[in-house]
Each structure stands twice: as structure tokens, then as C-alpha cells.
Amino acid sequence: MANVNYMLRGTAACPGCPIPRELNNILEIAGKDTVLVVPASCSTIIMGDDIHGMPSVVPVVHSPFAAPSAIASGIKAAMNQLNKKGNVIVWAGDGSTGDIGFASLSGAAERNEDIIYICYDNEAYMNTGIQRSGLTPRGAWSTTTPEGKREFKKPLPFLMMDHKIPYVATLSIAYPFDYEAKIKKAMTISGFRYLHILSPCPPGWRFDPSLTIEIAKLAVETGIWPLMEYENNKLKLTGPSILLKDKSKRKPIEEYLKLQERFKELSDEEKRLLEEDINAMWLEIERRMS
Amino acid sequence: MKTITSLVGNHAVAYAVKQAKPNVLAVYPITPQTTMLEKLADYVSSGELKAELIKVESEHSAMASIFGAALAGARVFTATASQGLLYMGEMIYWVGGARVPLVAAIATRAIGAPWSIWDDHEDFLTKRDAAWIQLMAQNVQEAYDLTIQAFKISEDKKIIAPCMLGFDGFILTHTMERLELLDDSSVDNFIGKRDFSIIDFDNPVGIGTVAGPQTYMGYKYSIKKAFDGAKERIKEIMKEYSEISNIDYQPIECYKCDDADYLIAAMGAWSGDARVAVDMLRSEGKKVGLIRIIMFRPFPKEEISKYIKGKDILVLDRDYSFGSGGILANEIKSISYNLDSKIYSLIAGLGGKDVSEKEIKTLAEKMINKELGDEEWLM
């Protein structure tokens, strides 16, 4: 690990929030010649205010909710024209990525802009107080789905693969070697790179802040969050997910669900539908791998 | 050295943009500005203009992308109209609040519903509170000249604000007029080198960082102060431009108003019709003059005040603030309250409805004969 803390301590992140760690690991690899574009999200707050300063040691461009992909495209275009070198990284939540900013994300991906887009997915609008997003999983409680979400989780990584961009990967901070290997690889590729982190949220998912890493790990071990990598039109599983193609190797999803109060009211029928979603996702992975 | 040619408004603005040498352009089609961006795409494709053309997927992204590019030090440009300007609206305000120098051309067009591709000023005027410098052209020559001035105004260290050029959809965008073009080196010397970059890896800052109630208002006050000071600087820049172009530019133009008993106030292309109406009225011995607003923001209050004391004024609005009144009429009313002026508001030309010089003349005569209501709609 490098000596520099790219994300300084004492941020406004909630106890147990993985965002500062996730960001620090990215910035350690990307280095100081990096600009972060951050749309409205928890990170807007985590990145400090004008009185107390910001915890980031790289420039941060705050962005309206739907705009980060386009702002990043413009920054990169200017750097190209003015012969400046550096990385342009979007750091966006799931609401910006999959809902309000999706058209802009899709446009930038279709143009194959030379930027890295990272979605930290805490599976709801957490900064405004836990409202469901397109990326909230089926059955999960939120303040706008008091009876549990009825629809499936929008499959962003697949949708981005369908844009035929050079690189797509899913990440989990519970597996730092896999995590950092993917960041490093993304840095070596040019064109549009899409990275998607499942980022557990203690207050939003209703679990004890000490369990963040355990829950992130269980998401992978139960097969709910497969670690994968798409490059040169080829998809492969990575790290612990390689063995989980065999369903019998996966832990039961109950182990993941029972630690989170957002799934407390989940009925047996909803649990069955959630399992079907997960099975369908693995079939889709197999289809795309063959 | 000037070249005399003829161009449609969209191509005149595109030519001015090419001469301003932007580094990054964002293009997204919307009638009636599309042929301007097509022309710019040709310039980039042929290598005449060395710039990156970002073919965005929406107007929101058009403004967002040039905002990003401007932060990284590029000179930038985009254009839009009507629904596109509204869709861009969030970014228009963001850019104004961030005080980033950039230029956008608005080919003015009515706003739906119902659908209309035709001209009025409603779209341009919806952005009057967004902390943008706003200029409005009367003809193709002005659209060209003001585009060049917009880059210098926007990047001027005493101003630093986005600048919007309005010019009437179809009436100017698609009409070919005689035009005098400056040579490239005159434009280079006039605008100067862009010297503005916020994104600096050796001096990292947060841009648009959260501001609490203790500080937010301070940022807004700093914009107010900048706009208060901008007017005098814009006058200087216009004068400087006038010296190389031999065309006089000022925030307002006064046509025969020094000795006028009555005034017409207008902005944009139909000011030309109002001017003809003034000439017709003068030939009949009626002392009417025209105040034409070229700079809408900052609003030239003092300049207008000089002429309106004790006068009856017919204010032409190609726009309307529902529940309130004509927007330009309201602006002029706001400075006339202690000047003993009487404002007659005319709402006309919405959604491209043609307005003739004779109709303007007739309405001015009604004003003179005290036959005009406070607000008339020319249907």
C-alpha cells in the first residue's frame, strides 16, 4: 500500500460505511493526477464542505444528479485538446447511475469516452434517506417500498456489457485483491470502463456497522453478487465467484438476508422470486461466458 | 481587414465560433439551431477548426460536457433552443452558479405545449435569473459580432460568467443577409488567450462543494457584485470591438430617441420593423423613437432610465409571464416607477406569428391617441 492517504480521515461517512475505503483504494492506484466527478449522492457529503475542507487529495468536481458522465466526457475532451495527462473518474451512486443519469451514462459509453465510471451501489437513494432505486433488490424494504420492492434489480453490469465497451467489472471491498486487480486493469485500458461495486450501507440495509465486510463477503458467497470481468467481448468470473458457478457451492441466501432488517418482512414467496432472480442472473452469466 | 459576404444566421454564428477557436464543442440537434452545429461539425471534420466535437445524447449533457471542458481550461461552445434550453435548464443554472466562462447560442423558439418550432423569446427569457450574461441580436451581422464579443466578455477576468447569445429562430437563423466578417487575426487579438483552468492536479480543489447556510448566500452575493460591475466592462469590450469592426456596439441602441416624445422598446429581430415604424411615424411628424435592448443581463437600467423620463413607452414583448405580464415590459416598469413614465405592454409574435411594421406603427399611434390599454395582445 502507498504511504499517502488519498482519502483523509474524519469524513462525514456513517459508521461502517465502506465508501471512504473503497475510494481510497481506487485513488491509491489512480494516483494524484486524477479528477473525480461526483454526482449528488452520499459522497457529496462525504467529500466535505466549503468550511471544513475536503478529504480528497485529488480535485473533485461536484455534479448535478444526471450529469457526471457528460461532465467527465468534457473534462477528458479538454485534457486531450490541451495535451494534459490524467485520469477522469466518475464516482456515482446507484440512483445516478441506473436511474436519473442512465441516459447520460449510456451516451458516454456508446461514444466510448476515455473515462472510468465507478458505481458504488448501496441499492437505494441512501443520502435522501433510503428510497428505492432501480437497483434496489426484490423484496427489500425502503421508505418508498414499505412492503418490500416488487421488481427485480436492474442488471447494470449486463446493460453496460451490451454497450460493447472495453471493460466492465463487478467488485466488492470484501475482496481487496480482486478489487485492486480490477482497478489496476481498468487503468491500463483506454476507452469507457465501467466498474460496479456492491457497497453495503448499515443504516439503509439495517445492519450493525461492524458487519459491513461480512455482509459484502456474504453477498459474493451466496451468489447474489458475482465477481466478474468483461473484456474484449468476453466475460469471465473472478476470485471466489469462479467456483460459485456450481450452485451447490454457494451459501444459502438466508445467511445474507437474515443479517439485514430490510429483508425482515420477506415472505417465502418473495424469497423464492428473489432466488429465481439470482438463478436467472447466473444463467445469463453462463450464456454470456459461452 | 474585413470580408463582405452573405450568410444565413446559423452559418454566421458558426463562422464566428470557428474564429474564436474553441477547444471543445457539444452538439445536439434541435430546430432552428441545427444547421449551425452541422456547420461546426464540417469545420472540425475538414480540419479548419481543431476542436473536439462531443456528440452528446441530450441538451442536458451538451451543457454538462462543455461545463466539464471549461473547468479543465478549454474554450467551449454549444447551441440550443426552446425545449432543448429547458432540458438544459438545470445545467444552465449550475454553470451560472459556478461562474464558469462559456458561450451558448440560443436560436430563440417558442415553448410547447402545443408544439411550435417558430420564433418567440420565451425560451431565452426563462434563463434571466440564471447568472448568465445575455445578449440579443437584431440581425445576422449582430449575431456574428456578438458571438465574438460573447467569448471575450465571458472570459474577462473582471466578469467571469457564462454568456448567452439570443437570435431569432428562422427570422435570423435561416435568413441570408449581407455580412462583414473580421479576419482571423483581428478576432484572435480581440478575444485573446484563454487563461482559466480550475482542475489542477497540483492544486486540487473541490468544485461545487456543499455550502451551508453560513456561506451559500456569500457566493450568490459575489455573483451579484460581479454582475453589477460587469456592465461597465462590457461597455468597454463593446467599444473595443466597435473600433475593429466600425459598427457601434452598446448595451442599448437608441434610435431617434433624443428628441422623442414617445418611445417604442424592443429587442431582437423585430426591432428592425419597429425602426421602420419609427421612420414612418417621423415622416408624419410624430416624434417617436426606439430603444433597443442588446444586453438583457445585466439589465441596462441606467442607460434606459436616461431616455424614458416622462415618456409614454410601447414595449414589445415576444414572450409572456403568465399571471404577471410581458417580461421586457415588467423590466422597464421596474426602473420607471419614479420617472413618471407610462408603459404600454404589447404582447405579439408568439410562436412565430408575423408582426408587420405597419401594425407596430398603428399601435404606436393608438398610444399617442391614448387609445391603448395597459396590455394589448396582437392576435
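Residues numbered from 1 in each chain as written. Chains lettered and ligands numbered in written order. Predicted model: local features only at pLDDT ≥ 70, side-chain atom pairs only at ≥ 80, totals over all residues. Heavy atoms only, no water.

1. Re unusual backbone geometry
Phase 1: Following B:Thr31, the chain continues to B:Pro32 via a peptide bond in cis, the omega torsion being 5°.
Phase 2: On the secondary structure map, B:Pro32 appears in the loop between strand 2 (24-27) and helix 2 (34-46).
Phase 3: A cis geometry characterises the amide bond from B:Ala113 onward to B:Pro114, with omega recorded as -5°.
Phase 4: Position of B:Pro114 among the secondary structure elements: in the loop between strand 5 (103-108) and helix 6 (122-125).
Phase 5: Even without a glycine there, the phi angle at A:Arg206 is positive, about 65°.
Phase 6: In this structure, A:Arg206 sits in the loop between helix 8 (202-205) and helix 9 (212-221).
Phase 7: Judged by relative accessible area, which is 36%, A:Arg206 ranks as partly exposed. (Helix = DSSP H or I, 4+ residues; strand = E, 2+ residues; numbered from the N terminus. Buried < 20%, exposed > 50% of the residue type's maximum accessible area, 1.4 Å probe, protein only.)

2. Describing the domain arrangement of chain B
Accessible area lost upon the coming together of the parts serves often as the stated size of an interface.
Residues and elements named next belong to chain B.
Phase 1: Domain parsing of chain B yields domain 1 (2-245) and domain 2 (252-377).
Phase 2: Of note, the centres of domain 1 and domain 2, computed from C-alpha atoms alone, are 27 Å apart.
Phase 3: Summing both sides of the interface, domain 1 and domain 2 together bury roughly 2,200 Å²; the carbon and sulfur share of this comes to 56%.
Phase 4: Counting the surface domain 1 buries against domain 2, the share from its top three residues, Arg128, Gln138 and Lys231, is 30%.
Phase 5: Summed over the shared surface of domain 1 and domain 2, the number is five salt bridges.
Phase 6: Among the ionic pairs, Glu142 bridges to Arg292, the shortest N-O distance being 2.5 Å.
Phase 7: Run the count over domain 1 and domain 2 and you get 14 residue pairs in polar contact (both at pLDDT 80 or more).
Phase 8: Secondary structure elements with two or more residues in the side of domain 1 that touches domain 2: helix 6, strand 6 (133-136), helix 7 (140-155) and helix 9 (216-245).
Phase 9: No other element matches helix 9, which puts seven residues into the side of domain 1 that touches domain 2.
Phase 10: Partitioned by chemical class, the residues of the side of domain 1 that touches domain 2 number 16 nonpolar, four polar and ten charged. (Domains from an automatic or database assignment. Buried area = accessible area lost by both parts, 1.4 Å probe. Salt bridge = Lys/Arg side-chain N within 4 Å of Asp/Glu carboxyl O. Polar contact = N/O pair within 3.5 Å; in protein donor to acceptor, adjacent residues only side chain to side chain. Nonpolar A, V, L, I, M, F, W, Y, C, P; charged D, E, K, R; others polar.)

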